[in-house]
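# Remarks on the overall topology
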Amino acid sequence: MSLVRNPYVAGLAVAVLAALYPVVRPDDLTVLGLGFLTFVFITQALSWGLVGGYAGQISFGFAAFFGTGAYTTAILWSKNGWDPVATLPVAGVAAMIVAILVGLPVFRLSAQYFSIATIGVGEAARVIAINLDNITGGASGLNLPFNVPDKSWFYWAGLTLATITFLVSAWIRRHRFGLALFALRMDQSAAESVGVPTAIFKNLAHCVAAFFVGTAAGLYAMYLSYTHPDQVFGFDISIGMVLMNVIGGIGTLWGPVLGAIVYFPVRQIVLSDPNLVAVNVLIFGALLIFIILFEPGGLLGLLSRFGVVARGGLRLRPQDAGAIVELEPAASADDEA
Amino acid sequence: MYDLSNIATLAIYSILTGGLYAAMSYGLALVYGVMKIINLAHAATMMLAAFTVLTFNRWIGLDPILGSIVVLPIFFFAGMGLYRVAVRRVAAVPVASLLLLFGVWLVAQNLAYIIWGSEDQSILTSYTFATIDVVGIKIAVIRIIPFGLSIVMLAILRWFLANTDLGRAIRAVSQDRVAARLAGINADRTATLAFGIGTMLSAFAGGLLTLIFSFTPNFGGVFQLKSFAIIVLGGLESFAGVALGALVLSTIEQFSILIPGWRASLVNLLAFGLLVLTLVVLPGGIASLFARRRKVAE
């Protein structure tokens, strides 16, 4: 039983099981394609969780990293003749550079203000990408070469990336770095007073997250053989990362994985159904409201109610958050007293 | 190419737009002051108000200026309702309220797409292209009226906050929630009221924006970012700071056309650029400059 509780063992076991699928059914191209995209989304969700979940800095601007990564791969591959696989680490580093440029000023803000500023980050990145039309292809997008590996390759590549992200996320949780992020999430001044360099750690988490998002975006651009600013810099990319974490359980290790596995198929169904596509934002927005009001712990929170897993993660219910928000007495029902 | 009268025109337009921006941003600042939460539904409110004004205009030919005033009670009560039903349950946890209000924004945006479609909408009135001549400079009427109304609105609000019990309660809760409660102020009721007023101000600005700009269900987002840049520049809770921040942003936006090779599509980046610059150079906003000077003077 203790092996199951060990996140490294559990994560690797799930990954090995998932890796067997292309061996068993190498011709099931639909599932392999969907599997690859799911792994891209899991990578995104886990990365976002490092900043939004562990450090409690809700970002609505992660599309900036996704777009940067996608365009780095796209340009190096189609215009400079690089091998696409060799562009992936460069895509990650490019996203990391953007993360530093964004993080240095924006992390000066308190958590909530950080969130709004990141909406601007995502929008600014998209507008810049559209206006740099000689590099990015502007509003007409950029077509990429079609000589890509087969779907099994993408499936395994995506799985490998998602697994590495998961292991890094698990490692951070157990390491002093993760504890420092939890501390600054709960009380930034208190964390600073015990010597946690909060600004450096927030930026560090941001960089690690951006690296994985950028790499995943590079793979994604390879897979689609096409990039467009509205697609890879789109606000829905950023919203998706928030939603996957909220659905699964924000601030937990497995929550983003679970959230991505639930969110991605639902998103595919909603976007491909002509009746539902017009209301897709409505569905996800309502889901967000519903989860925050009734089960802020997401799916993992729901499971913990039945004793399947222990309660953990970001405490979003006022009654759980007593220790965190002592500066602001609860404006909830007891205020009447 | 740019003579003195062009510069004067730009300066006048900066002031006129700044007034509207101040009214737009103050709702956000007020809610932050009392509840310490960022009202991400601000964008949704501005957008819904714009479409409500449009609907009244199409339906009974209601003038958009009158429309902006008519919608105020609707949004005042809608804001209070939103606070009582949802925000209040999670108001103690800023992250949760942020996500909740973000969800409200998404839902409102999608509802607007369903009801009004995604086309660019605009309201044309008999005075849309009218101008007034002031010492040889032509000024559009649709810029002057929103400015005047915004100033009146802010004056009323300032009077309300300074001279009524409810207004004083709002200020007391902004300054120190615990002390305000000890003095017998019902912080919850005050927060409800502040949320209603904040929503009403956003709606007012949204309604007036229809005079000047065309809009889609997406349109609140840009102005939300502008409001945010303004209140960060203004020092978050300072009334004068918000007004000054609004003026700075509108001046930069108006004068940006003088930059060689400038593209109009980049205008909305200026708010974000200003925000980043403020954070790097002046993290406390304009108000901190005055505070520092005052300290030196003492």
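About the thresholds
Residues numbered from 1 in each chain as written. Chains lettered and ligands numbered in written order. Predicted model: local features only at pLDDT ≥ 70, side-chain atom pairs only at ≥ 80, totals over all residues. Helix = DSSP H or I, 4+ residues; strand = E, 2+ residues; numbered from the N terminus. Rg over C-alpha atoms; globule rule 2.2 N^0.38 Å. Buried ≥ 20, exposed ≤ 12 C-beta atoms within 10 Å, placed from the backbone. Contact = placed C-beta atoms within 7 Å. Nonpolar A, V, L, I, M, F, W, Y, C, P; charged D, E, K, R; others polar. Pairing = 2+ DSSP bridges. Axes fitted to C-alpha atoms, helices over the stretch in contact; angles between N-to-C directions. Parallel < 35°, antiparallel > 145°, perpendicular 65-115°, else oblique. pLDDT = per-residue confidence, 0-100. Left-handed = near helix turned anticlockwise from the far one by under 90°. Expected span 1.5 Å × (residues − 1).

The helix and strand tally for chain B stands at 12 helices and two strands. Taking 19 Å as the expected radius of gyration for a compact globule of 298 residues, we find that chain B reaches 19 Å, a close match to that expectation. Taking the principal axes of the C-alpha coordinates as reference, chain B spans close to 60 × 55 × 35 Å. Evaluated residue by residue, chain B yields a buried proportion of 52% over its 298 residues.

Let us look at the overall build of chain A. A tally of regular secondary structure across chain A gives 17 helices and two strands. Going through the 337 residues of chain A one by one, you find that 52% of them count as buried. Looking at chain A alone, contacts between residues at least 24 apart form 76% of all its contacts between residues at least 6 apart.

A word on the interface of chain B and chain A. The partner chain A presents 43 residues to the 45 residues of chain B that form the contact. The set of elements that each furnish at least two residues to the side of chain B that touches chain A consists of helix H3 (64-90), helix H4 (94-116), helix H7 (177-182), helix H8 (187-212), helix H9 (220-234) and helix H11 (267-281) of chain B. Among the elements that line the side of chain B that touches chain A, the one with the most residues is H4(B), at 16 residues. Here the side of chain B that touches chain A is built from residues that sort into 34 nonpolar, five polar and six charged.

Residue and element names in this part refer to chain B. Pairing of strand S1 (residues 131-134) with strand S2 (residues 137-140) involves four bridges; the strand directions are antiparallel. Residue valine 134 lies in a different strand from S2, and its bridge partner there is isoleucine 137. Linkage of S1 to S2, two consecutive antiparallel strands, is achieved through a turn of two residues, within which valine 135 is found at a positive phi near 35°.

Residue and element names in this part refer to chain B. Secondary-structure assignment places serine 174 in helix H6 (residues 165-175). The class of serine 174 is buried, set by 21 C-beta atoms lying within 10 Å. Measuring from C-alpha to C-alpha, the distance between serine 174 and leucine 30 comes to 8.4 Å, with 144 residues separating the pair along the chain.

As a further point, take the packing of helix H5 (residues 141-163) of chain B against H6(B). Residue and element names in this part refer to chain B. Direction vectors running N to C along H5 and H6 enclose 80°, while the axes themselves pass 5 Å from each other. Judged by the angle between their axes, H5 and H6 are roughly perpendicular. Packed against H5, whose contacting residues are Phe160, Leu161, Ala162 and Asn163, the element H6 presents Gly167, Ile170 and Arg171 at the interface. Of the residues in the contact of H5 with H6, the class split is four nonpolar, two polar and one charged.

Turning next to unusual backbone geometry. In the Ramachandran plot, A:Ser225 falls in the positive-phi region, its phi being about 55° despite a non-glycine side chain. Despite not being glycine, B:Lys36 shows a phi value in the positive range, around 60°. Relative to the helices and strands, B:Lys36 is located in the loop between helix H1 (4-35) and helix H2 (42-60).

In this section: the confidence of the model for chain B. Residue and element names in this part refer to chain B. Here chain B averages 85 in pLDDT, while 93% of its residues score no lower than 70. Contacts for the low-pLDDT stretch residues 294-298, under 50 throughout, to residues beyond four places or in other chains number zero contacts. Both scores are available for the predicted complex, with the pTM at 0.85 and the ipTM at 0.83.

Quick look at the environment of A:Val277 now. Residues and elements named next belong to chain A. With respect to the element layout, valine 277 can be found in the loop between helix H15 (255-272) and helix H16 (280-294). The class of valine 277 is exposed, set by 11 C-beta atoms lying within 10 Å. Between the alpha carbons of valine 277 and arginine 267 there is a distance of 9.2 Å; along the sequence they are 10 residues apart. With residues up to four places along the chain from it excluded, the contact list for valine 277 reads Val270 and Leu271.

All right, on to the packing of H9(B) against helix H10 (residues 239-255) of chain B then. For any two helices packed against each other, one specifies the crossing angle of their axes together with the interaxial distance. Residues and elements named next belong to chain B. Two elements in contact, H9 and H10, have axes separated by 7 Å at closest approach and are oriented at 125°. When the axes of H9 and H10 are compared, the pair comes out oblique. Handedness of the H9/H10 crossing: right-handed. Between H9 and H10, the residues in contact are Lys226, Ala229, Ile230, Ile231, Leu233 and Gly234 and Gly241, Val242, Leu244, Gly245, Ala246, Val248 and Leu249, respectively. Across the contact of H9 with H10, the residue classes break down as nine nonpolar, three polar and one charged.

A separate point is H15(A). Residue and element names in this part refer to chain A. The end-to-end C-alpha distance of H15, which contains 18 residues, comes to 26 Å, matching closely the 26 Å that a straight helix rising 1.5 Å per residue would cover. Buried residues of H15: Gly255, Pro256, Val257, Leu258, Gly259, Ala260, Tyr263, Phe264 and Arg267, and no others. On the buried face of H15, the contacting elements are helix H4 (29-54), helix H9 (151-174), helix H14 (235-248) and helix H17 (298-305).

With that settled, the discussion passes to the environment of B:Asn110. Its location among the elements puts B:Asn110 in helix H4. Separated by 107 residues in sequence, B:Asn110 and B:Pro217 have C-alpha atoms that sit 7.6 Å apart. With sequence-adjacent residues up to four places away left out, B:Asn110 is seen in contact with A:Val279, A:Val281, A:Leu282 and A:Gly285.

Moving on to H17(A). All names here are of chain A. The complete set of buried residues in H17 reads Gly298, Leu299, Leu300 and Gly301. On its buried face, H17 sits against H14, H15 and H16. Looking one or two places after H17, you find glycine 307, whose phi comes out positive at around 75°.

The next thing to look at is the confidence of the model for chain A. In this model, chain A carries an average pLDDT of 85, and 90% of its residues clear a pLDDT of 70 or more. Ignoring residues within four places in sequence, the model shows residues 320-337 of chain A, a span with pLDDT below 50, making 28 contacts including any to other chains.

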